[in-house]
Amino acid sequence: MAAGADSPLYLGLDFSTQQLKVVAIDEDLGVVHQDRVHFDSELPEFRTQGGVHIHEDKLTVTSPVLMWVKALDLLLDRMKRARLDFSRVKALSGSGQQHGSVFWKKGAAGALARLDPGQHLYRQLQDSFSVQDSPVWMDSSSSQQCQDLQEAAGGALRLAEITGSRAYERFTGNQISKLRQTRAEQFQDTERISLVSSFAASLFLGAYAAIDYSDGSGMNLLDIRSRNWSQICLEASAPNLDRLLGAPLPSTSVLGPVSSYFVRRYGFSESCRVVAFTGDNPASLAGMRLHQGDVAVSLGTSDTVFLWLQEPQPALEGHVFCNPVVLQAYMALLCFKNGSLTRERIRNQSSAGSWTAFSEALRSTPLGNHGNIGFYFDTMEITPPAVGVHRFDSNDCEVSRWSPEVEVRALVEGQFLSRRLHAERLGYSIMSGTRVLATGGASANNQILQVLSDVFNAPVYTMDLSDSACLGSAYRALHGLVAESGASFLDVVKNAPEPQLVCTPHPTAQQVYGHMLKRFARLEDRVLQRTRT
């Protein structure tokens, strides 16, 4: 039954790298309103390219924090003009690009608490940030701080065991450490440090919002098992850092009512609740509605694998975060740089630039490819850190070339064997009800998806994930209101549109790829050794 014109609404916002997006859903999970503000084109005064400023050293990448504030003013004004009835909004939540940090100036809490509904946020918060240019996830200027943190923690693997990831330049703790060392005066003038997600929540709350467990897992500071700040990591990053960060909270937490500023300026209800904001990747997991045992594979320029985990095994590659919708569970993220561009190169070389011929090559070659295994790293890979093209025959001997059909299947099988191998190393295991959710450009190719299904020995589904972080935030707003009563997230969103089944694994897939995966792991080690030497 369709929701009525005065039924409750739930808002989800996404403060991403290039734009601010919003979606409003009703109680039936139907989308009733969407909008976005594109930073480069609609806020040209900030002179961003792709939503960021790349500094002269090519390593430092930042975004103007006031651009995000002004974008929210613009978005809400636009929604008001579109006659969205804010009084129907029962709860709101949101997401932010992961790892980015916001440094609130001493006295900013007072400015947030005393907002004048007659003026825009941008005008009132001009002097509320000790650092105007927020470090974001594209920044890679904190290598020294990463080394220092890993040394303090007892090595890269030990740091991964504590925080879910080895030290990464973009992770917030290392950015905080760098800022304390290089911009000491501004650091001294800071009274609170937020992630992009908790910064955005703070605007709606009219007070500093807690960092949630899930986005907090992307900082190299949170102990993902105790779900509290790691004392070792805090002390290695900055003195009294726990005071600047505040205590982290569960991702399902209701932080409080929306600020009176929004009630009086836009007509929000005083009873509207702000549910903890989280990172864009955790929010996407919510938007995809992953179940335990599921895996989502985004097949884009780079391939990203999302996993739902119960018992994580953090490693030197990939990231383990606290799960945003189930308190005692985890999620993992693996990024593979050589994705669609590599698939396109092999299509051009082996299939005359035709996806139809590429698909036919997959269809005409057997599962397991006669024992041939290939590694295709056109650029230095992240997972694993290797480069070059390496071909091995069924006797594990390296060869220089194959027929075009064998080349095509070796590429696709090799990519998906790699995705499965590294997922399993983080603690993932295929279960009887496992589903593979595929999205991104290559998910339109059924033959590629058939190989994915065979390698994972699980059915493959497709779904539209263009706004998954935004939609996931709206779902989380709805769930946040009932989470304390014990209602599960999946129960709350059970009426959302289901993904479409595309293919199921071949009966022999488990036997073929179970054996092949072990060989693939051994051969990958050989490739890694060669890259290192």
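All of these numbers come straight from a predicted model, not from anything done at the bench.

Q: Tell me about empty space enclosed by the protein, and please be specific about residues and values.
A: Here the structure, examined in full by the defined rule, presents two cavities of 30 Å³ or more. Along its surface, the largest cavity is lined by 13 residues, and Tyr-376, Phe-377, Gly-414, Gln-415 and Arg-419 are the ones closest to its centre. At the level of elements, strand 19 (373–377) and helix 17 (404–425) are the ones that each hand at least two residues to the lining of the largest cavity. Broken down by element, the residue count for the lining of the largest cavity peaks at six residues, all from helix 17. Here the second largest cavity defines a volume of roughly 40 Å³.

Q: Please give an account of the sheet that holds strand 21 (residues 398–399) that cites residues and values.
A: Backbone-to-backbone hydrogen bonds join strands into a sheet, with any given pair of strands oriented parallel or antiparallel. With antiparallel pairing, the three strands of this open sheet are ordered in space as 19-20-21. Both outer strands of the open sheet, strand 19 and strand 21, are each paired with one neighbouring strand and no more. Both strand 19 and strand 20 (residues 388–392) contribute to a ladder of five bridges, which runs antiparallel. The partner of Ile-373 across the bridge, within strand 20, is Phe-392. Along the sheet face, helix 17 touches strand 19 and strand 20 and points at about 75° away from the line of strand 19.

Q: Provide a residue-level description of the packing of aromatic side chains, including the pertinent values.
A: Taken as a whole and judged by the stated rule, the model has 19 aromatic pairs. Ring geometry for Trp-104 and Phe-199: centres 5.8 Å apart, planes at 45°, overall tilted. Here the residue Trp-104 occupies a position in strand 7 (residues 101–105), and Phe-199 occupies one in helix 9 (residues 196–205), the gap between them amounting to 95 residues. Just as Trp-104 is buried, Phe-199 falls in that class too. Between Phe-262 and Phe-268 the ring centres are 6.2 Å apart and the planes differ by 85°, which places this aromatic pair in the edge-to-face class. Here Phe-262 and Phe-268 have matching classes, each one buried. One aromatic cluster is present, built from ring pairs that chain together Phe-86, Phe-204, Tyr-261, Phe-262, Tyr-266, Phe-268 and Phe-277. Its guanidinium or amino end placed over the ring of Tyr-122, Lys-70 lies 4.7 Å from that ring's centre, counting from NZ or CZ.

Q: Explain the nonpolar core to me, using residue names and the numbers behind them.
A: Nonpolar side chains in soluble globular proteins generally cluster together in the buried interior. Within the largest apolar cluster, 80 residues are counted, with the highest numbers of intra-cluster contacts made by Ile-176, Leu-241, Leu-245, Leu-307 and Leu-452. In contact with Leu-245, other than residues within four places in its own chain, are Ile-176, Arg-192, Ile-193, Ile-211, Met-219, Leu-221, Trp-229 and Leu-234. By size, the runner-up hydrophobic cluster in this structure holds 54 residues, among which are Leu-13, Leu-72, Met-79 and Val-263.

Q: Kindly report on the sheet that holds strand 4 (residues 53–54), identifying the contributing residues and their values.
A: Spatially, the three strands line up as an open sheet ordered 4-5-8, and their pairing is antiparallel. The strands lining the two open edges of the sheet, one partner per strand, are strand 4 and strand 8 (133–135). Running at roughly 40° to strand 5 (residues 61–64), helix 2 (residues 65–81) makes contact with strand 5 and strand 8 of the sheet.

Q: Could you give an account of a nonpolar patch on the surface, naming the residues involved and the relevant values?
A: A contiguous nonpolar patch, built from Ile-54, Trp-137 and Met-138 and spanning about 290 Å² of accessible area, is present on the exposed surface. Assignment of secondary structure puts Met-138 in the loop between strand 8 and helix 5 (143–153). A residue is classified by how much of its surface remains accessible, and Met-138, at 33% relative accessible area, is partly exposed.

Q: Before we move on, can you summarise unusual backbone geometry with the specific residues and values?
A: In this structure, the amide linkage connecting Thr-383 to the following residue, Pro-384, adopts the cis form with an omega of -5°. Along the chain, Pro-384 turns up in the loop between strand 19 and strand 20. Of note in the backbone geometry, Arg-83 takes a positive phi value of approximately 65° without being a glycine. Along the chain, Arg-83 turns up in the loop between helix 2 and strand 6 (89–96). Taking the relative accessible area as the measure of exposure, Arg-83 reaches 76% and is therefore exposed. The backbone of Asn-457 sits at a positive phi, close to 50°, despite the residue not being glycine. Looking at the element boundaries, Asn-457 is found in the loop between helix 18 (446–456) and strand 23 (460–462). In this structure Asn-457 comes out as partly exposed when scored by relative accessible area, which is 25%.

Q: I'd like a rundown of the pairing of strand 16 (residues 303–309), residues and numbers included.
A: Counted residue by residue, strand 16 has seven buried out of seven residues, so it is predominantly covered. Going residue by residue along strand 16, you find Asp-303, Val-305, Leu-307 and Leu-309 tucked away on one face and Thr-304, Phe-306 and Trp-308 tucked away on the opposite face as well. If you look at the hairpin formed by strand 15 (residues 295–299) and strand 16, you'll find three residues sitting between the two strands. In terms of strand pairing, strand 16 meets strand 18 (residues 330–336) through seven bridges, oriented antiparallel.

Q: I'd like to hear about the state of the cysteines, residue by residue, with values.
A: Taken as a whole and judged by the stated rule, the model has zero disulfides. Among the cysteines around Cys-146, which has no disulfide bond, Cys-233 carries the closest sulfur, lying 12 Å off. On the accessibility criterion, Cys-146 (6% relative accessible area) is buried.

Q: Describe in detail the layout of surface pockets, supporting the description with residues and values.
A: Gaps between atoms show up when a probe of the same size as a water molecule is rolled over them. In this structure, the largest pocket occupies an estimated 1,600 Å³ of space. Along the walls of the largest pocket sit 48 residues, with Trp-137, Asn-281, Ser-302, Thr-304 and Cys-335 positioned nearest its centre. Among the elements of the structure, strand 2 (19–26), helix 14 (280–288), strand 15, strand 16, strand 18 and helix 19 (468–483) are those that each provide at least two residues to the lining of the largest pocket. In terms of residue count, the dominant contributor to the lining of the largest pocket is helix 14 (four residues). Each residue belonging to the lining of the largest pocket can be placed in one class, and the counts come to 16 nonpolar, 24 polar and eight charged.

Q: Explain helix 17 to me, and be specific about the residues and the numbers.
A: Spanning 22 residues, helix 17 covers 32 Å between terminal C-alpha atoms, matching the ideal 32 Å at 1.5 Å per step. Counting buried positions along helix 17 gives 18 out of 22 residues, so the element sits mostly inside the fold. Just past helix 17, the residue Gly-427 takes up positive phi, approximately 110°.

About the cut-offs
- Residues numbered from 1 in each chain as written.
- Predicted model: local features only at pLDDT ≥ 70, side-chain atom pairs only at ≥ 80, totals over all residues.
- Heavy atoms only, no water.
- 1 Å grid on protein atoms, 1.4 Å probe; cavity = no way out; pocket = protein on both sides within 12 Å on 5 of 7 lines; lining within 4 Å.
- Points joined across faces, edges and corners; volume = space filled by probe spheres on them.
- Helix = DSSP H or I, 4+ residues; strand = E, 2+ residues; numbered from the N terminus.
- Pairing = 2+ DSSP bridges.
- Contact = heavy atoms within 4.5 Å.
- Axes fitted to C-alpha atoms, helices over the stretch in contact; angles between N-to-C directions.
- Phe/Tyr/Trp six-rings, centres within 6.5 Å; stacked < 30°, edge-to-face > 60°.
- Buried < 20%, exposed > 50% of the residue type's maximum accessible area, 1.4 Å probe, protein only.
- Lys NZ or Arg CZ within 6 Å of the ring centre and 35° of its normal.
- Core = buried A, V, L, I, M, F, W, Y, C linked by side-chain atoms within 4.5 Å.
- Patch = residues over 30% accessible without salt bridge, like charges linked within 9 Å, V, L, I, M, F, W, Y side chains within 5 Å.
- Areas by Shrake-Rupley, 256 points an atom, 1.4 Å probe, with all protein chains shown as cover.
- Salt bridge = Lys/Arg side-chain N within 4 Å of Asp/Glu carboxyl O.
- Disulfide = S-S within 2.5 Å.
- Nonpolar A, V, L, I, M, F, W, Y, C, P; charged D, E, K, R; others polar.
- Expected span 1.5 Å × (residues − 1).

Read these as geometric descriptors, not functional statements.
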